[in-house]
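Working through the structure, step by step
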Amino acid sequence: MVHALEETRRVLREGGSIIDLRPASKHRSVELEIAGARLHIGEIDSSATFADRWAAEAALDILMKKGRIALMHEAEFPVITDLDSVEDLRAHAAAMRRSVMAEELPERIESLIAGEAPDILIHTRREMVIRRYRCLKP
């Protein structure tokens, strides 16, 4: 991302827009929906990805301080993944490159459903940040 921001001088005209969409520097949450209730089970540790996000923030701050870009809009929103089983949750977590789920999270869900096959839904929630910047100087 940092290299891409430096390329804005070459590819953007004054008045052009930069859209920055990335995960917020927050852990993912895991929730269990059962019998009409939603229970917070725990978090998936995403801290290994925070340094990259902070580096991107620093690069954007430098461009703003240099007067090359200006923040025009910012919003945060969740991306929710619905999973049907504990096995699906384990597979979902295994596919994450640098985030780590503690084994106690699926075990906690298994203990709450106590071996029965109730109608459950497991949600993972990842907060995303979207920002729009205006190019002030090429």
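Preceding this paragraph is the structure being described.
First, a word on what this report is: a plain description of the structure on this page. (Residues numbered from 1 in each chain as written. Predicted model: local features only at pLDDT ≥ 70, side-chain atom pairs only at ≥ 80, totals over all residues. Heavy atoms only, no water.)

Of regular secondary structure, the chain possesses 5 helices and 5 strands. Ordered by position in the sequence, the α and β elements of the chain form the string α-α-β-β-β-α-β-α-α-β. Here the C-alpha radius of gyration of the chain, 20 Å, is well above what a compact globule of 138 residues would show, namely 14 Å. On the principal axes, the C-alpha backbone points of the chain span a range of 60 × 25 × 20 Å. A buried classification covers 36% of the 138 residues belonging to the chain. For the chain, contacts bridging at least 24 residues in sequence account for 79% of all contacts bridging at least 6. (Helix = DSSP H or I, 4+ residues; strand = E, 2+ residues; numbered from the N terminus. Rg over C-alpha atoms; globule rule 2.2 N^0.38 Å. Buried < 20%, exposed > 50% of the residue type's maximum accessible area, 1.4 Å probe, protein only. Contact = heavy atoms within 4.5 Å.)

Moving on, we get to helix α5 (residues 104-113). Note: α-helices contain 3.6 residues per turn, so residues at a spacing of three or four share the same orientation. Residues of α5 that are buried: L105, P106, I109 and I113. Looking down the long axis of α5, one finds its buried residues gathered within 95° of arc, a one-sided arrangement. Looking at the packing, one finds that the buried side of α5 touches β2 (28-34), β3 (37-44), α4 (86-94) and β5 (120-135). At the C-terminal side of α5, A114 shows a positive phi close to 50°. (Arc of directions from axis to C-beta.)

By size, the foremost hydrophobic cluster in this structure holds 16 residues, and its most contacted members are V30, L32, L89, I109 and I122. At the level of elements, β2, β3, α4, α5 and β5 are the ones that each hand at least two residues to this core. With residues near it in sequence (within four places) discarded, I122 still touches V30, E31, L32, T81, D82, L83, S85, V86, L89 and I109. Among the nonpolar cores identified, the runner-up in size contains 7 residues, and L12, I18, L63 and C135 belong to it. (Core = buried A, V, L, I, M, F, W, Y, C linked by side-chain atoms within 4.5 Å.)

Along the chain, R53 falls in helix α3 (residues 50-65). Although R53 lies buried, it forms no salt bridge, and the closest oppositely charged side chain, D52, sits 7.3 Å away as judged by the N-O distance. In contact with R53, not counting residues within four places along its chain, are R22, P23, A24, S25, K26, S46 and R126. (Lys, Arg positive; Asp, Glu negative; His and termini not counted. Salt bridge = Lys/Arg side-chain N within 4 Å of Asp/Glu carboxyl O.)

To continue, consider a nonpolar patch on the surface. Residues I19, L21, F77 and V79 make up a contiguous nonpolar surface patch of about 340 Å² in total accessible area. Every element with two or more residues in the nonpolar patch is listed here: β1 (17-23) and β4 (69-83). Tracing the backbone through its elements, the reader meets I19 in strand β1. A residue is classified by how much of its surface remains accessible, and I19, at 54% relative accessible area, is exposed. (Patch = residues over 30% accessible without salt bridge, like charges linked within 9 Å, V, L, I, M, F, W, Y side chains within 5 Å. Areas by Shrake-Rupley, 256 points an atom, 1.4 Å probe, with all protein chains shown as cover.)

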